Amino acid sequence: NSTGSSNVLCMLHLSRARAAERAHGFAADFCQRLGLDGRAMDALEELAPPGQAYVLRTFCAPGRDASGALRRQVRHLQALAPEKLPWAGCLEAATVRVPAAGAILGRRVP
């Protein structure tokens, strides 16, 4: 059923969009707390949400030029082969909620 699969794809797309919105909020808060400039924020947002989360967890701001250090870390990560990215093994997750009425549980429909 093409309609059913497009609904699932649409829901997954919405889940990804919400993840991107959340990542933007976390990145903006992170940059503000560390006093990073707009170019650092732009660089951080070039990464996918898992990459942004990785940088937020691992970045240690030096005493001088923290914005430049973050941009250099992002450039280093962008230069890695996809299978070498630290978050390459992370699975993307999405929750699909369906109304209980009409749900079919099991493998066979009578």
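Heads up: these notes are all about the structure in this document. Since we're looking at a predicted model, the values are computed, not measured.

### Notes on the packing of aromatic side chains
Logical step 1: Summed over the entire model, instances satisfying the criterion amount to two aromatic pairs.
Logical step 2: Ring geometry for F30 versus F59: centroids 6.2 Å apart, planes at 70°, classification edge-to-face. Separated by 29 residues along the polypeptide, F30 in helix α1 (residues 2-34) and F59 in the loop between α3 (49-58) and α4 (66-79) bring together distant segments of the chain. Taken as a pair, F30 and F59 share a single burial class, namely buried.

### With respect to the pattern of salt bridges
Logical step 1: Scanning the entire structure with this criterion turns up three salt bridges.
Logical step 2: Here D37 makes a salt bridge to R71, at a shortest N to O gap of 3.6 Å. Of this pair, D37 sits in the loop between α1 and α2 (38-45) while R71 sits in helix α4, and the two are 34 residues apart along the sequence.
Logical step 3: Owing to a relative accessible area of 32%, D37 belongs among the partly exposed residues under this scheme.

### A closer look at α3
Logical step 1: Burial in α3 covers these residues: G51, Q52 and V55. Within α3, the buried residues cover an arc of 100° as seen down the axis, which keeps them to one side.

### Thoughts on the environment of D37
Logical step 1: With 28 residues separating them in the primary sequence, D37 and D65 have C-alpha atoms 9.9 Å apart.
Logical step 2: When near neighbours in sequence (up to four residues on either side) are disregarded, D37 contacts S67 and R71.
Logical step 3: At 3.2 Å, the side chain of D37 forms a polar contact with the backbone nitrogen of R39.

### So, the nonpolar core
Logical step 1: Formed by 18 residues in total, the largest nonpolar core has its most connected members in F30, L36, L44, V55 and L70.
Logical step 2: Among the elements that make up this core, the one with the highest residue count is α4 (five residues).
Logical step 3: If we ignore the near neighbours within four places in the chain, the residues touching L70 are F30, L36, A40, L44, V55 and F59.

Thresholds applied
- Residues numbered from 1 in each chain as written.
- Predicted model: local features only at pLDDT ≥ 70, side-chain atom pairs only at ≥ 80, totals over all residues.
- Heavy atoms only, no water.
- Phe/Tyr/Trp six-rings, centres within 6.5 Å; stacked < 30°, edge-to-face > 60°.
- Helix = DSSP H or I, 4+ residues; strand = E, 2+ residues; numbered from the N terminus.
- Buried < 20%, exposed > 50% of the residue type's maximum accessible area, 1.4 Å probe, protein only.
- Salt bridge = Lys/Arg side-chain N within 4 Å of Asp/Glu carboxyl O.
- Arc of directions from axis to C-beta.
- Contact = heavy atoms within 4.5 Å.
- Polar contact = N/O pair within 3.5 Å; in protein donor to acceptor, adjacent residues only side chain to side chain.
- Core = buried A, V, L, I, M, F, W, Y, C linked by side-chain atoms within 4.5 Å.

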